[in-house]
Structure formats: structure tokens, C-alpha cells
Amino acid sequence: KSSQHNTRPASSSVHYKWAKKIAIIGGGVSGLACAQRLAAESESSIDSIVVFDTGNRTCGGRISSRMDKQSGYEFDHAAQYFSVKDNKTEFAEYCREATKRGELYAIDDLSRYGILMREEDKQQHYVFRRFEDELVRYASKDGFRAFIKHLEESVLDVASDRKNRIERPQWVGSMQKTNSNTWLLANTQDRSRKNYRELGEYDFVVIAHNGKCAFNLMKTAVNNNAEKKNESPKILSALKASFGIKTREALYKKRELVLSSIWSANVAIGNLDEDTMQKLDAFDGAHVIENESLAYIGNNTLKKKKKDEMNSIREITLLSTPVYGKRNKCPQEAIPAAFADKVQLDLVTELEKTLGIAPNVISNNVVFSKMQLWGAANGLTVANNEYLFDANASVGVCGDWLTTDDQSPSVETAMRSGWRLAEALLHESTENHLQVNWKPVQNASALGLTVPGADLPDPPPEEADDAKNAAGKKTSRNTQQRRKRARKPPVTATTTMFARASIRV
């Protein structure tokens, strides 16, 4: 074929009829959506689809939930609910069908969701304001478990001669090209390690997660000749990510994915008096406005329709702001007990202040708690492209941060990205789809919608300066000296930082 079609050289010819074995690394919404579309429409063109996920109990990523088996307490510790921007889209139709299957329910009473904002004449007191828009919002009674299970079963429910499967918990740490031009996956790049394990050879690899893990995995994607060059430098570059809180001015200058960290404090509260109960039950979910620590309050007991069952106990999820997440970082896989206690006290105390509850009334009556740090919780920039597809390298990328419209990363953008990448494979595309144009998200209050007033101010000047200093570490000494001579005044809170209040929903 002519060069204008960007086809692979004849020496390593590629036409996607050969893509018989496909590996999808990441079992979140985007990865499962990609696998679902491939399984449903591939007919005989694909032999097998294997999804690798690190989840111990289930797939789902940031739309998963947590249940304490001993007590039965349930928490949506990440995604709280999600919305549909346009009721005529494929995603809207999918949500309606999911509702018919009992996986979701449409939030009919919008008076139960909204924002908590300060009264103009009272600095500390917050009032609840319901959403006044016409967006359709969906929640789940079971922590989205049925929603995720249907996606999983859609991948596995295929003809008996297929070999589709989901492997979890399974870490994928290496992908290298073989002499037969396939991808050899392994749990680590170090073959000398005792736990080294090969995970099979695949014709095409989909990377369905982000952050440093995705970037480090793509760094191992080298050819098998002496040069050891990366098979897809453009995808490697697109997967580069940084972390922290940045001013809107800084976000416009970034040419990469910027991720923020968020704490999720999940507490069961008992022995509540009637007044405290009424304040907790005033809403199912609320975004907290102009608070540097607390961004979202979710009443799991009410959202899951368990009020009669739980009596005087309430299962509450508190999501922090990215500002608080940055100030309180620790190893997220092994949170020190003292650190968890501090985060719990901080966020529960902020809950008491926000709802006008007397000090220690809630903090002294926590009967169960579980803290979780989402280190790569939310994207503050998006790539302005729905998926990445390198036909020459046989690698694709999907995720919620790959979106072309004005939405923040969300469940909708995640599913759409997975579907579009699957369609590129199914249509046997031989053209690359690699253009990225980074831009800040339009509204980072999360939940895939714009929440008026839910943006936080820029970080305090000293923290903004820290971010600038970190970014300048790699500049030359002369450049640093020139910048020092022409240093501008510190950034103040005159612009807006889009600080997401919840997690990829």
C-alpha cells in the first residue's frame, strides 16, 4: 500500500486480521469496555482476549467499592455516582440498559445531591444547595459491583472455542518484542528474579491504566535487536505523567498528564443523637465548596437504600481535596497506622465543622474506619484525543483522560475511550492515531459534570512556588540564574485551580 496510509513496512507486514491474541493491561472501566466491544463484535477475527488486573477481589479500578465482611459495612470509596452529559449518546443508552438489568438506578430525587457552600454572612456555616441542572445521574445500591460484573461476563461469555479470560490479581511489569514480532508479557523485566513469570505472547497490547506504572511499563517496550529502541516513542511520551497540585496557569503550560492524589476516609458512625442524624441525612451526596481539606461527603447508607436496615448507624465516605492529598502523602500500599488516624481525625473534624455538629460528637463515635490514599486519583489535564493507536508497534492506549470534549475524566470518557480503541482494532485500521494536545480539564469537581462553584482556589503561594521549583530542577544553571534575576511575584489566588472533588466518575 502507498505510504500515505502509514502502513507497516513489508518486512513486518501488519493487517489486523493477524491480531488474533490481544492483551489488555488494566481492568478498570476503560479496559473492560474495550474488551467487551472486542468480544461482542470480533466474531472469528480474534482468538483470545486476556485482561490483566491487579484487583484482589474484583476488577473495576476506581469504580470499585469496599465491604467489611465482619461488620457488613459498605463504602463506595472512590466513584460516588456518575452523570450522562447527552441522553442521545451510546453511553446514555448503555446506562439505560444497565438500569433495566438492575446494575444502576437513576437518581430521580435531585434534591438529595448538590453542593455545600458557606453562607455569605457566616464564615464557618455551610448550607446545602441541590443541583438545579437537568443532567441524568446514576448511582448503585451495591457499589457498582453488578455493573462491573456484567462487563466482566460480557468478555467471558463467548463461544467455547475462544480463550478469553481475566487474570487477577496480576501485575504486568514488562512487554518486549519477540523475534516473531509478538509481545511477550511478564510480571517483571528482571529475568533473574525468583518470581519472574512470563504471561504469554500477544499480537496486540492495550494499556488501560495511567501514571508512572503505565509509563514504566511502556519503557520496557523495546525491540529485540542490539539497539533496544522503544517500539513506540510517541505512546511512551504520551504516557509520561506528573503529580501534585498546580495553578491553572501552570496546567496550560504542561505537556503531559497531571494527576492529583486524594484521600478516601470511610467511617461507620454509631450512637448518634437525633439532631446529628438529621444533619447527616440531609443529603445523599454533596460537594463541599471552598474547603481546603474536605471535598465530598457521601452517605452510603442512604444511597444504598439501607436506612431501615442500619438504624442509627451511618456509613460515610469523605473524599479529600488534592491540596490535602499533596500535604499528606505516604506510601499508599502500606499506610502507617498513625498516619491513618491523623487523616481520619482531620476529615471527620472537618465534617463536624461543615455540618455544624459539635466537636467530637462524630469523632468519638466512629465504630469502623478504613483509610485509602488514591495516589493517581484524578487527571487535571486531558489529551484531546479519545484513544491512542500505534499500528506499527501494535500498541494502543485507552483511559478516562483520553477525551476530546469539555468533560473532566469520567466513567463516560473511560468507556468511550475503550470502545473507540476496540473499534480501531475491529476495523483493521493500519493508520496511526497518536496526536495529543494537552489542556486543563474544564471542571474538576468530578463526577463527570460541571458543578458551579466547585472549583478550588490556587494552592497557597508557598505551595505554588514549590511546584515551580520542582519543575525547574532539570533546567540548566544559566537558565535558573536568568529566571532568578527576572523572578515574578508569587502566584496568588486570582486564577482558578481545577481541583477534583471525587474520583474518576
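How each quantity is defined
Residues numbered from 1 in each chain as written. Predicted model: local features only at pLDDT ≥ 70, side-chain atom pairs only at ≥ 80, totals over all residues. Heavy atoms only, no water. Helix = DSSP H or I, 4+ residues; strand = E, 2+ residues; numbered from the N terminus. Buried < 20%, exposed > 50% of the residue type's maximum accessible area, 1.4 Å probe, protein only. Contact = heavy atoms within 4.5 Å. Areas by Shrake-Rupley, 256 points an atom, 1.4 Å probe, with all protein chains shown as cover. Phe/Tyr/Trp six-rings, centres within 6.5 Å; stacked < 30°, edge-to-face > 60°. Lys NZ or Arg CZ within 6 Å of the ring centre and 35° of its normal. Polar contact = N/O pair within 3.5 Å; in protein donor to acceptor, adjacent residues only side chain to side chain. Axes fitted to C-alpha atoms, helices over the stretch in contact; angles between N-to-C directions. Left-handed = near helix turned anticlockwise from the far one by under 90°. Nonpolar A, V, L, I, M, F, W, Y, C, P; charged D, E, K, R; others polar. Pairing = 2+ DSSP bridges. Salt bridge = Lys/Arg side-chain N within 4 Å of Asp/Glu carboxyl O.

> Residues and numbers for the overall build of the protein chain, please.
Helix and strand counts for the protein chain stand at 14 helices and 26 strands. Expressed as a percentage of the 505 residues in the protein chain, the buried residues total 56%. Sequence-distant contacts, at least 24 apart, represent 73% of the contacts inside the protein chain between residues at least 6 apart. Carbon together with sulfur atoms contributes 47% to the accessible area of the protein chain, which is approximately 22500 Å² in total.

> Explain the packing of aromatic side chains to me, and be specific about the residues and the numbers.
By the definition in use, this model includes 14 aromatic pairs. Centroid distance Tyr73 to Phe368: 5.8 Å. Interplanar angle 50°. Geometry classified as tilted. Of this pair, Tyr73 sits in the loop between strand S3 (66–67) and strand S4 (74–75) while Phe368 sits in strand S20 (residues 366–379), placing them 295 residues apart in sequence. With 5.9 Å between their ring centres and 50° between their planes, Phe82 and Phe147 make a pair best called tilted. Of this pair, Phe82 sits in strand S5 (residues 82–84) while Phe147 sits in helix H3 (residues 145–156), and the two are 65 residues apart along the sequence. Of the two residues, Phe82 and Phe147, neither departs from the other in class, the shared state being buried. Through pairs of rings, three or more aromatic residues link up here, namely Phe82, Phe91, Tyr94, Tyr138, Phe144, Phe147 and Trp419. The ring of Tyr202 carries the charged tip of Lys21 above its face, separated from the ring centre by 5.3 Å. Above the plane of the ring of Tyr94 lies Arg101, whose end atom (NZ or CZ) is 5.4 Å from the centre.

> Break down the environment of Ser111 for me, citing the residues and quoting the values.
Checked against the element boundaries, Ser111 lands in the loop between strand S6 (105–106) and strand S7 (113–118). The partly exposed category is assigned to Ser111, whose relative accessible area is 27%. The spacing of Ser111 and Arg129 is 18 residues in sequence and 8.2 Å in space, taken between C-alpha atoms. Setting aside anything within four residues of it in sequence, one finds Ser111 in contact with Phe128 and Arg130. Within polar-contact distance, the side chain of Ser111 engages the side chain of Asp109 at 2.3 Å.

> I'd love a proper account of the packing of helix H1 (residues 29–41) against H3, names of residues and values included.
Packing of H1 against H3 brings their axes to within 8 Å, and their N-to-C directions diverge by 35°. Classified by chirality, the crossing of H3 by H1 is left-handed. The residues of H3 that touch H1, namely those facing Val29, Leu32, Ala35, Gln36 and Ala39, are Ile148, His150, Leu151, Glu152, Ser154 and Val155. Here the residues of the contact of H1 with H3 sort into seven nonpolar, three polar and one charged.

> Outline the packing of H1 against helix H12 (residues 411–426), supporting the account with residue identities and numerical values.
Their axes nearest at 7 Å, the elements H1 and H12 cross at an angle of 40°. As H1 runs across H12, the sense of the crossing is right-handed. Contact residues: Val29, Ser30, Ala33, Cys34, Gln36, Arg37, Leu38 and Glu41 in H1; Val411, Ala414, Met415, Ser417, Gly418, Trp419, Arg420, Leu421, Ala422, Glu423, Leu425 and Leu426 in H12. Its residues assigned to classes, the contact of H1 with H12 shows twelve nonpolar, four polar and four charged.

> Mind laying out the sheet that holds strand S11 (residues 174–177), listing which residues take part and the relevant values?
What links the strands of a sheet is backbone hydrogen bonding, and the strands pair in either a parallel or an antiparallel sense. Strand order across the open sheet formed by three strands is S11-S12-S13, with antiparallel pairing between neighbours. Edge positions in the sheet fall to S11 and strand S13 (198–202), since each has one partner strand and no second. The average undirected angle you get between the axes of adjacent strands in this sheet is 20°. In this sheet, S13 lies alongside strand S12 (residues 183–186) in antiparallel orientation, the contact comprising four bridges. Opposite Trp183, over in S13, you have Tyr202 as the bridge partner.

> Please set out the environment of Ala79 residue by residue, giving values where relevant.
Along the polypeptide, Ala79 turns up in the loop between S4 and S5. For Ala79, a relative accessible area of 1% puts it in the buried group. Between the alpha carbons of Ala79 and Ile63 there is a distance of 5.0 Å; along the sequence they are 16 residues apart.

> Break down the pattern of salt bridges for me, with residues and values.
Following the criterion strictly, the structure yields 28 salt bridges and no others. Among the salt bridges present, the one from Glu90 reaches Arg37, with a minimum N-O distance of 2.4 Å. Taken together, the residues span a long stretch of sequence, with Glu90 in helix H2 (residues 90–100) and Arg37 in helix H1 at a distance of 53 residues. Residue classification places Glu90 among the partly exposed positions, given a relative accessible area of 36%. Arg327 is paired through a salt bridge with Glu292; the nearest N and O atoms lie 3.1 Å apart. Placement of the pair is Arg327 in helix H10 (residues 322–327) and Glu292 in the loop between strand S17 (285–288) and strand S18 (294–299), with a sequence separation of 35 residues. In this structure Glu292 comes out as partly exposed when scored by relative accessible area, which is 41%. The network of salt bridges with common partners includes Arg37, Glu90, Arg420 and Glu423.

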